[in-house]
Amino acid sequence: MAGAKLTTCPDPEDCFRRPSCLPVTDEHHVQIVRRHALQCTAQLGMSRLSSHYVATAVSELANNLFFHTSNGGEIRFCCLDKAGRVGIEIIAQDEGPGIVDIAAAMTDGFSTNGGLGAGLGGVRRLMDEFEISSKPGIGTRIIARKWLTEAELCCDRKSH
Ligand SMILES: Nc1ncnc2c1ncn2[C@@H]1O[C@H](COP(=O)(O)OP(=O)(O)O)[C@@H](O)[C@H]1O
Ligand SMILES: [Mg+2]
């Protein structure tokens, strides 16, 4: 979408502290959620490499919301900080057509619309935790988490 305004996080200074929820109903939203993911992970203290892994996973989930549903969906970002573990949780959900065969959808090369079919498998590999639930006719919900490594935890984090 040429010329579309590219917004970022509602509160860029503090976007990882508060959970945020961004809509994905238009193609240009994919860039917005990707950028938001980079902001959140940078503020969390994640390495640039891991931040780009998360951003790529978010892009894939956002692409799926756009290309595999008619009304899009939303992506929630939440900072996790519990029991000495710090990370980011991504929840992509929609009320689209759902996935009939989740195992097939998770298989590299499987696509119902002529895509590469590597998105969901890629998200699972890029993130530390991955959960998918889907009901045909109801929608799809994917939860993915990535945790800071020990080395990342030891570094000076902007927020703490
Ligand atoms: N949010 C979604 N709603 C409905 N179906 C989905 C959704 N996300 C993924 N799928 C299904 O899973 C398949 C595999 O997804 P993916 O690995 O991202 O490959 P691709 O997007 O290239 O088709 C898709 O072709 C589609 O059938
Ligand atoms: Mg895809």
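Keep in mind the model is a prediction, meaning the values are calculated, not measured.

Caption draft 1: Broad picture of the overall build of the protein. What the protein contains, in helices and strands, is five helices and five strands. Across the protein, helices and strands are ordered from the amino to the carboxyl terminus as β-α-α-β-β-α-α-β-β-α. Within the protein, the fraction of its 160 residues that count as buried is 32%. Relative to all contacts within the protein whose residues are 6 or more apart in sequence, the contacts with residues 24 or more apart total 66%.

Caption draft 2: Focus on unusual backbone geometry. Positive phi values are uncommon outside glycine, yet Ala83 reaches one of about 50°. Note on placement: Ala83 falls in the loop between β2 (73-82) and β3 (85-94).

Caption draft 3: Focus on the nonpolar core. In terms of nonpolar packing, the biggest core is built from 30 residues, with Val33, Ala57, Val58, Leu61, Ala62, Ile75 and Ile90 touching the most fellow members. Taken together, the elements giving at least two residues each to this core come down to β1 (20-24), α1 (29-44), α2 (48-68), β2, β3, α4 (119-126) and β5 (139-147). Residue contributions to this core peak at eight residues, all from α2. Not counting the four nearest positions on each side in its chain, Val58 is found in contact with Val33, Arg34, Ala37, Ile75 and Ile90.

Caption draft 4: Looking closely at the site of ligand 1. Among the 24 residues in the neighbourhood of ligand 1, the closest are listed as Ala105, Ser111, Thr112, Gly115 and Gly119. Listing elements by their share of the shell around ligand 1, those giving two or more residues are α2 and α4.

Caption draft 5: Spatial organisation of the packing of α2 against α4. Where α2 contacts α4, the two axes come as close as 9 Å, and the packing angle between them is 155°. Judged by the angle between their axes, α2 and α4 are roughly antiparallel. In the crossing of α2 with α4, the sense of the turn from one axis to the other is left-handed. On α4, the residues that touch Tyr53, Thr56, Ala57, Glu60, Leu61, Asn63 and Asn64 of α2 are Gly119, Gly122, Val123 and Leu126. Counted by class, the contact of α2 with α4 contains five nonpolar, five polar and one charged residues.

Conventions used here
Residues numbered from 1 in each chain as written. Chains lettered and ligands numbered in written order. Predicted model: local features only at pLDDT ≥ 70, side-chain atom pairs only at ≥ 80, totals over all residues. Helix = DSSP H or I, 4+ residues; strand = E, 2+ residues; numbered from the N terminus. Buried ≥ 20, exposed ≤ 12 C-beta atoms within 10 Å, placed from the backbone. Contact = placed C-beta atoms within 7 Å. Core = buried A, V, L, I, M, F, W, Y, C linked by C-beta atoms within 7 Å. Near = placed C-beta within 6 Å. Axes fitted to C-alpha atoms, helices over the stretch in contact; angles between N-to-C directions. Parallel < 35°, antiparallel > 145°, perpendicular 65-115°, else oblique. Left-handed = near helix turned anticlockwise from the far one by under 90°. Nonpolar A, V, L, I, M, F, W, Y, C, P; charged D, E, K, R; others polar.

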